[in-house]
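Next come the chains, spelled out residue by residue.
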Protein chains: 2
Amino acid sequence: MAGMPTGHSGRAPGHSSRADANRRRILDVALAELLRDPDASMDQIARAAGVVRRTVYGHFPNREALISTLVDEAVQALSAAHAAGREGVQDPAEAVARSVLAVWELADRYRLLIALAQRTVTMQGIRERLAPVREAATEVLRRGFGQGVFSSPLPPPALAYVHEQMLVALMEAVNDGLVDAREAGRCAAVTILTAAGVPASDATALVAKLND
Amino acid sequence: MAGMPTGHSGRAPGHSSRADANRRRILDVALAELLRDPDASMDQIARAAGVVRRTVYGHFPNREALISTLVDEAVQALSAAHAAGREGVQDPAEAVARSVLAVWELADRYRLLIALAQRTVTMQGIRERLAPVREAATEVLRRGFGQGVFSSPLPPPALAYVHEQMLVALMEAVNDGLVDAREAGRCAAVTILTAAGVPASDATALVAKLND
DNA sequence: CGCCTGTTGCACAGCACTGTGCAAATAGGG
DNA sequence: CCCTATTTGCACAGTGCTGTGCAACAGGCG
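Rules used throughout
Residues numbered from 1 in each chain as written. Chains lettered and ligands numbered in written order. Predicted model: local features only at pLDDT ≥ 70, side-chain atom pairs only at ≥ 80, totals over all residues. Helix = DSSP H or I, 4+ residues; strand = E, 2+ residues; numbered from the N terminus. Buried ≥ 20, exposed ≤ 12 C-beta atoms within 10 Å, placed from the backbone. Contact = placed C-beta atoms within 7 Å. Least-squares fit on C-alpha atoms with pLDDT ≥ 70 in both. Axes fitted to C-alpha atoms, helices over the stretch in contact; angles between N-to-C directions. Parallel < 35°, antiparallel > 145°, perpendicular 65-115°, else oblique. Left-handed = near helix turned anticlockwise from the far one by under 90°. Nonpolar A, V, L, I, M, F, W, Y, C, P; charged D, E, K, R; others polar. Expected span 1.5 Å × (residues − 1). pLDDT = per-residue confidence, 0-100.

Regarding the overall build of chain A
Thinking step 1. What chain A contains, in helices and strands, is ten helices and zero strands.
Thinking step 2. When its helices and strands are written in sequence order, chain A yields α-α-α-α-α-α-α-α-α-α.
Thinking step 3. Sorting the 212 residues of chain A into buried and exposed places 43% on the buried side.
Thinking step 4. Within chain A, contacts between residues separated by at least 24 positions form 42% of all contacts whose residues are at least 6 apart in sequence.

Below you can see the structure in the form of structure tokens.
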């Protein structure tokens, strides 16, 4: 069918190191390139890998197969780290902490992948225009830190990012039917306060009070 | 230039209700449609709005202008809500709680927008394959709830979503230089534990202990 | 009724990308 | 050095989308 040897299937005879190296390099470069632009064309990827487009098709039948391989690699590594982090640990809190630490090692490698995967044109525009809001939120956080109301190892701007993403997480949760939409607002408020270091009981009480 | 009247510019004489209604409907439908697929074509949007592609171009010069209008509307509404929520409130914790609650009202309307904006093909694949990991994490959370180690208004599965997104937030923060990459892992662990209701001091101590 | 705004339907040029075929180069191992 | 797996370069068909031009048409307003 294809004009090139299968490449990834049976390699009966001796040498094939160059091909393997190319395949590897294509994958690595593709990761970096798809980061920068999730819609990067096969040509962009090939050129970045110092190879001709046709060669990429020699290793992966189509775009989807390439990306799929990429995602598989990342997820596999991440799963392993997560599992290793919590194996044999009794205390749930410690298990969570360990697996987060373990995952982060790799997450750091795939950081750009995930972070930029959600950098859709749409998302980009939203986040950009939302900057003023984020800054206002940061200011409130800063004030809270000053008064000792909040406590976190994160600087206020980073905590603002966290808050923003927590809202996103809650939206997903509601979309997936995990949380009742009417409850979600209060849950979000409590969880966000808690993440900022406000004792869970205080946060719950405060939010409950506001709902009169 | 265009074969159609400007449509959105000066409307000197009397009637224009139908055009306005169309414009409105196109925007509304576009919101819904771009949710389902951020790469929805102008034709898809037009058809969904019960209108011909050419008509859409009568209201918006190009795709970007349409999306831009959409995002502007959403962001403007959100900003207003956020500001209104915290105006005149002294206590930072209350300010945060109020603005979150206020934002949620609208977020609920744009929930799909934001949630699905990050539903890139890439993201989709990642989240899908990450499901097993998320489930394992949920299990640990559930155990923690049982032992009273964790506390949250959110059910374990939703909390798992939150944890996942918090990692994403931290990755973004690192990418943007807000947090040192070497610190980020520990910060992530502490923040995630804290969000799960573990007292900030305990979380910090636990994570510090793990770093020996 | 006739006008004017907005809508429709169709057609077209242009563009970018995908996946494939083929023949000619190339390079590393044996 | 020769052989073979691999890569290259080019060409091509197919697809789908964008933005625009134009002519016909609809319906409310005066």
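Observations regarding the relation of the copies chain A and chain B
Thinking step 1. Superposing chain A onto chain B requires a rotation of 180° together with a translation of 0.0 Å along the rotation axis, leaving an RMSD of 0.1 Å. In the structure described here, the two chain copies are related by an operation that fits a two-fold rotation axis. The C-alpha atom lying nearest the rotation axis in chain A is that of Ala195(A); the distance is 2.0 Å.
Thinking step 2. Counting the interface residues of chain A, we find that 100% of their copies in chain B are interface residues as well, pointing to one common contact surface.

Looking at the packing of helix H9 (residues 181–195) of chain A against helix H9 (residues 181–195) of chain B
Thinking step 1. Between H9(A) and H9(B), the shortest axis-to-axis distance is 7 Å and the interhelical angle comes to 135°. On the basis of the axis angle, H9(A) is oblique to H9(B). Seen from above, H9(A) lies across H9(B) with right-handed handedness. Only Thr191(B), Thr194(B) and Ala195(B) of H9(B) make contact with H9(A), whose side of the interface consists of Thr191(A), Thr194(A) and Ala195(A).
Thinking step 2. Per-class residue counts for the contact of H9(A) with H9(B) are two nonpolar, four polar and no charged.

Concerning the interface of chain A and chain B
Thinking step 1. Contact residues are listed per partner, giving 87 residues for chain A and 87 residues for chain B.
Thinking step 2. Breaking the side of chain A that touches chain B down by element, the ones donating at least two residues are helix H4 (63–86), helix H5 (92–117), helix H6 (121–129), helix H7 (131–146), helix H8 (156–175), H9 and helix H10 (200–210) of chain A.
Thinking step 3. In terms of residues, the side of chain A that touches chain B owes the most to one element, H5(A), which gives 17 residues.

Some remarks on the environment of Leu66(B)
Residue and element names in this part refer to chain B.
Thinking step 1. On the secondary structure map, Leu66 appears in helix H4 (residues 63–86).
Thinking step 2. Exposure remark for Leu66: the 20 C-beta atoms within 10 Å place this residue in the buried category.
Thinking step 3. Sequence spacing of Leu66 and Ile26 is 40 residues, and the spatial spacing of their C-alpha atoms is 9.1 Å.
Thinking step 4. Once residues within four sequence positions are removed from consideration, Leu66 is found in contact with Ala30 and Phe60.

A look at H8(A)
Residue and element names in this part refer to chain A.
Thinking step 1. In a regular helix each residue adds 1.5 Å, so 20 residues correspond to 28 Å; H8 covers 29 Å between its end C-alpha atoms and thus fits that length.
Thinking step 2. Counting buried residues along H8, 18 of its 20 residues qualify, which places the element largely inside the surrounding structure.
Thinking step 3. Positive phi appears at Gly177, one or two residues downstream of H8, with a value of about 75°.

Observations regarding the packing of helix H8 (residues 156–175) of chain B against H9(B)
Residues and elements named next belong to chain B.
Thinking step 1. Viewed as axis vectors pointing N to C, H8 and H9 meet at an angle of 150°, and their least axial separation amounts to 10 Å. Here H8 is positioned roughly antiparallel relative to H9, judged by the angle of their axes. Crossing handedness for the pair H8 and H9: right-handed. Between H8, through Val162, His163, Met166, Leu167, Leu170 and Val174, and H9, the contact on the second element is made entirely by Ala181, Ala184, Cys187, Ala188, Thr191, Ile192 and Ala195.
Thinking step 2. Split by residue class, the contact of H8 with H9 holds eleven nonpolar, two polar and no charged.

Concerning the environment of Ala102(B)
All names here are of chain B.
Thinking step 1. Of note, Ala102 is situated in helix H5 (residues 92–117).
Thinking step 2. The sequence separation of Ala102 and Arg63 amounts to 39 residues, and the corresponding C-alpha distance is 31 Å.
Thinking step 3. Ala102 has contacts with Ala81, His82, Ala84 and Gly85, leaving out every residue within four places of it along the chain.

Focus on the confidence of the model for chain A
Thinking step 1. Residues at a pLDDT of 70 or more form 88% of chain A, whose mean pLDDT is 88.
Thinking step 2. Ignoring residues within four places in sequence, the model shows residues 5–14 of chain A, a span with pLDDT below 50, making five contacts including any to other chains.

A few points about the environment of Val29(A)
Residues and elements named next belong to chain A.
Thinking step 1. Mapped onto the elements of the fold, Val29 is located in helix H1 (residues 17–36).
Thinking step 2. A tally of 19 C-beta atoms within 10 Å means that Val29 is categorised as partly exposed.
Thinking step 3. Once the C-alpha coordinates of Val29 and Arg86 are considered, the two residues, 57 residues apart in sequence, prove to be 32 Å apart.
Thinking step 4. Once residues lying within four places of it in the same chain are set aside, the contact partners of Val29 are Ile45, Ala48 and Ala49.

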